[in-house]
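Reading the structure
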Amino acid sequence: MDSPNKPADTELRRRSAEGVAALDRAIAILDAFTAADRSLSLAEIAARTGLYKSTILRLANSLLRGQLLERLDDGRYRVGPAAFRLGALYQRSVVAVDILLPIMRDLSEHSWESVAFYVRSGDVRTCLYRVESKHPIRYTIREGDVLPLLVGSGGRVLAAFSGQPGEPYETIRRTCNCLAIGDRDPETAGVSAPVFGPGRNLLGALTLAGPSTHVDAAFLQRMKRPLLEAAARATRAFGEDASLLEQASLAAEALP
């Protein structure tokens, strides 16, 4: 026998589903904006989201009321101040180690090599976090160790994205990675990629490295894509657009 409340329950579920769909569309509108966009027209939002303009206008009214969007005098839209407040709250809640270590462990599991995260300190770099290789023979860098800036793949990545002129830094900025064999230490090889925070602020360099006895150029070339994917994952978790790293990952895959 049907429950007398069944029509009401069905209506409640329908409204709930509609509410979730509307929320998904509102999120799609906000996701249409990239770091390069100061504002977008209604037509541009429609093209990027695939939503009808009438749907965008309806949802935009809610986003405007919540200050997640602003409508400019020329009719274009830009991200509103509430998004900035949410971003600031997120940044205060983020603990770097909670983001980086799971990503570094995954990369180390995939490669069986050591993974480190370096930050720049003036003219040197410091190993902030490290996940050890599974191999019995490994290169010995510990958390807190200080290394030169302009040698080694990690140091060169930090220098490149801090504005160091010339080569190889121009190429590193273009490809978002640096492969080095015997650069800092004749018995060590590694590949590194940058990790960014909000405003494309350079947070550090993610490095996969090991003894050159088993970490050769071919292996490091194969590891470029997983490394760049890991750097992109970290960058997204810190709240920054990772499209630059994602494009570099695809380009690395296309290389022979």
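Note that the coordinates shown come from a computational prediction; the quantities given were computed from them, not determined experimentally.

Procedures and definitions
Residues numbered from 1 in each chain as written. Predicted model: local features only at pLDDT ≥ 70, side-chain atom pairs only at ≥ 80, totals over all residues. Heavy atoms only, no water. Helix = DSSP H or I, 4+ residues; strand = E, 2+ residues; numbered from the N terminus. Polar contact = N/O pair within 3.5 Å; in protein donor to acceptor, adjacent residues only side chain to side chain. Contact = heavy atoms within 4.5 Å. Buried < 20%, exposed > 50% of the residue type's maximum accessible area, 1.4 Å probe, protein only. Salt bridge = Lys/Arg side-chain N within 4 Å of Asp/Glu carboxyl O.

Another aspect to go through is the side chain of Thr 207. Take Thr 207: it is sitting in strand E8 (residues 201–211). Reaching out from Thr 207, the side chain makes a polar contact with the side chain of Ser 192 at a distance of 2.6 Å. With residues near it in sequence (within four places) discarded, Thr 207 still touches Ser 114, Val 115, Ala 116, Tyr 118, Ser 153, Gly 154, Val 191 and Ser 192.

Next up on the list: helix H6 (residues 153–160). Burial analysis of H6 places 8 of its 8 residues in the buried class, which makes it a mostly covered element. Within the sequence span of H6, burial applies to Ser 153, Gly 154, Gly 155, Arg 156, Val 157, Leu 158, Ala 159 and Ala 160. Tucked inside the fold, the buried residues of H6 contact strand E3 (114–121), strand E4 (124–131), helix H7 (169–175), strand E6 (178–181), strand E7 (188–197) and E8.

This part takes up the pattern of salt bridges. Opposite charge on two side chains allows them to pair when their charged atoms are near. Enumeration over the complete set of coordinates arrives at 9 salt bridges. Residues Asp 145 and Arg 142 are paired through a salt bridge, measuring 3.8 Å at the closest nitrogen-oxygen approach. Its relative accessible area of 19% is what places Asp 145 among the buried residues.

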